[in-house]
Amino acid sequence: MRVALQADERAEMFANKLLRLGNGETDTVQSPDYVSLLNFGTPAENIDILLDRIYPQIHSNYENHTWLMQRAILAPHNDSVSQINRLLAEKLPKQTHTYTAINSIVDEEQA
């Protein structure tokens, strides 16, 4: 969406790489289980550096919805997503709350 709306050349290159990778068309696939990500984004030495690069000064920007919408970290597993969310929440100055969702109902009358 950012590519279409902002004509961001770097975002377009990244989006095209993601599409090719997802379609199995990239030559970086080394085996069914592993993919080389050379020249694919900006690597970070560890998770804390990654969070600081993607969400700099989150403690003062977390209420800025426009700022938040311009950032994302993609992760292949829900465990990784949970870890990233927990680490980011720890950087916020206010108490956080977790809201759980349910995607089935016991009684259709209550839907």
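Analysis parameters
Residues numbered from 1 in each chain as written. Predicted model: local features only at pLDDT ≥ 70, side-chain atom pairs only at ≥ 80, totals over all residues. Heavy atoms only, no water. Helix = DSSP H or I, 4+ residues; strand = E, 2+ residues; numbered from the N terminus. Buried < 20%, exposed > 50% of the residue type's maximum accessible area, 1.4 Å probe, protein only. Contact = heavy atoms within 4.5 Å. Areas by Shrake-Rupley, 256 points an atom, 1.4 Å probe, with all protein chains shown as cover. Salt bridge = Lys/Arg side-chain N within 4 Å of Asp/Glu carboxyl O. Core = buried A, V, L, I, M, F, W, Y, C linked by side-chain atoms within 4.5 Å. Phe/Tyr/Trp six-rings, centres within 6.5 Å; stacked < 30°, edge-to-face > 60°.

An unreviewed UniProt entry lists the protein under the name DNA helicase, with Elysia marginata given as the organism.

A. Here's a closer look at the overall build of the protein. Looking only at helices and strands, the protein features 6 helices and 0 strands. A burial count over the protein gives 11% of its 111 residues as buried. Relative to all contacts within the protein whose residues are 6 or more apart in sequence, the contacts with residues 24 or more apart total 34%. Put simply, the protein shows about 9,800 Å² of open surface, and 51% of that area lies on carbon and sulfur atoms.

B. A look at the pattern of salt bridges. This model, assessed by the stated rule, comprises 4 salt bridges. E45 is paired through a salt bridge with R53; the nearest N and O atoms lie 3.6 Å apart. You can call R53 partly exposed: its relative accessible area is 41%.

C. Representation of the nonpolar core. Membership of the largest hydrophobic core is limited to 8 residues, which are L51, Y55, I58, Y62, W67, I84, L87 and L88. Broken down by element, the residue count for this core peaks at 3 residues, all from helix 6 (residues 78-90).

D. Representation of the packing of aromatic side chains in the model. According to the stated counting rule, one finds 1 aromatic pair in the structure shown. Centre to centre, the rings of Y55 and W67 are 6.1 Å apart; their planes meet at 65°, and the pair counts as edge-to-face. Of the two residues, Y55 sits in the loop between helix 3 (47-54) and helix 4 (58-61) while W67 sits in helix 5 (residues 65-69), which places them 12 residues apart along the sequence. Judged by relative accessible area, which is 12%, Y55 ranks as buried.

E. Examining the environment of I73 more closely. Structurally, I73 can be placed in the loop between helix 5 and helix 6. Exposure remark for I73: the relative accessible area of 22% places this residue in the partly exposed category. As a C-alpha pair, I73 and N85 span 12 residues in sequence and 10.0 Å in three-dimensional space. Setting aside residues no more than four positions away along its own chain, I73 makes contact with L50, L51, I54, Y55 and I84.

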